[in-house]
Amino acid sequence: MSQKKIAVVIGSLRKDSLNRKLALAIAHLAPEDFTFEHVRIDDLPLYNQDEDGNQAPAVKRLKTEVAAADGLLFVTPEYNRSIPGVLKNALDNASRPYGQSAWAGKPAGVVGVSVGAVGTAVAQQHLRGILAYLDVPTLGQPEVFLQNKEGLFDDKGHIAEGSKQFLQGWVDKYVAWIKTHTGK
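Just so you know, these numbers come straight off a predicted model, no measurement behind them. (Residues numbered from 1 in each chain as written. Predicted model: local features only at pLDDT ≥ 70, side-chain atom pairs only at ≥ 80, totals over all residues. Heavy atoms only, no water.)

**Q** So what's going on with the sheet that holds strand S1 (residues 4–10)? Which residues, and what values?
**A** Pairing is parallel across the open sheet formed by 5 strands, whose spatial order is S2-S1-S3-S4-S5. Bordering the open sheet on either side are strand S2 (34–38) and strand S5 (145–147), each of which pairs with just one other strand. Between one strand axis and the next, the sheet turns through 25° on average, direction left out of account. Pairing between S1 and S2: 5 bridges, direction parallel. (Pairing = 2+ DSSP bridges. Helix = DSSP H or I, 4+ residues; strand = E, 2+ residues; numbered from the N terminus. Axes fitted to C-alpha atoms, helices over the stretch in contact; angles between N-to-C directions.)

Below is the structure:
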């Protein structure tokens, strides 16, 4: 069985981030041949096209980690009805210079959790538009717009029974999506 390496990009920097918890919970639901590695985005410089010819070490590290991955998992909160600036900055940095995007061709999944009633629906739609331009084939269905309510996560940080079957269904589709696009 071939090991699948997934680069996880979490759009929140908060230490106790709900989306970080969701990313960890998803990893617990995935099969053993999937490894989830969180990529760091908090140390990236603000994207500046003047730096395309001399990218910062943090940008080079991000691009190397993404290039080494078989697939991507974007876990995003929703800030002001869109994606967080830190996530957009990571997407911009690793997609440049033009024609040298680390994201291109990598299959991805998009999920998110928020305290709002619509979860992260609008942020995910914005992110999907960006990923389409970056040539990232993204799982379309099922969609995961989770609202954080008491009992979503259990005391170990796993998805509690009330949402576990739903999220497991998404993970199963995501795993099949990655395997289809990597040919393994």
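**Q** I'd like a description of the packing of aromatic side chains, backed by residues and values.
**A** Counted under the stated rule, the structure contains 3 aromatic pairs. Relative to Trp-103, the ring of Phe-74 lies with its centre 5.6 Å away and its plane at 50°, an arrangement referred to as tilted. Of this pair, Phe-74 sits in strand S3 (residues 71–75) while Trp-103 sits in the loop between helix H3 (85–94) and strand S4 (108–114), and the two are 29 residues apart along the sequence. (Phe/Tyr/Trp six-rings, centres within 6.5 Å; stacked < 30°, edge-to-face > 60°.)

**Q** Explain helix H1 (residues 18–29) residue by residue, including any values.
**A** The end-to-end C-alpha distance of H1 is 17 Å, a good match for the 16 Å that 12 residues give at a rise of 1.5 Å each. Listed as buried for H1 are Leu-18, Asn-19, Leu-22, Ala-23, Ala-25, Ile-26 and Leu-29. Buried residues of H1, viewed axially, fall in a sector of 165°; they line one side. Check the buried side of H1 and you find it contacts S1, S2, S3, S4, S5 and helix H5 (161–182). The distance from a side-chain oxygen at the start of H1 to the backbone nitrogen of Asn-19 is 3.1 Å, and the residue carrying that oxygen is Ser-17. (Expected span 1.5 Å × (residues − 1). Buried < 20%, exposed > 50% of the residue type's maximum accessible area, 1.4 Å probe, protein only. Arc of directions from axis to C-beta. Contact = heavy atoms within 4.5 Å. Polar contact = N/O pair within 3.5 Å; in protein donor to acceptor, adjacent residues only side chain to side chain.)

**Q** How would you summarise the pairing of S3 if you had to cite specific residues and measurements?
**A** For S3, a buried count of 5 out of 5 residues is recorded, marking the element as mostly surrounded by other parts of the structure. Covered by surrounding structure in S3 are Gly-71, Leu-73 and Val-75 together with Leu-72 and Phe-74, the residues of both alternating faces. The pairing of S1 with S3 spans 5 bridges and is parallel. Paired with Val-9 across the bridge in S3 is Phe-74. In this sheet, S4 lies alongside S3 in parallel orientation, the contact comprising 4 bridges. Along S4, the bridge assignment pairs Val-75 with Val-111. In terms of handedness, the path from S3 via H3 over to S4 forms a crossover that is right-handed. (Right-handed = clockwise from strand over helix to strand, strands pointing away.)

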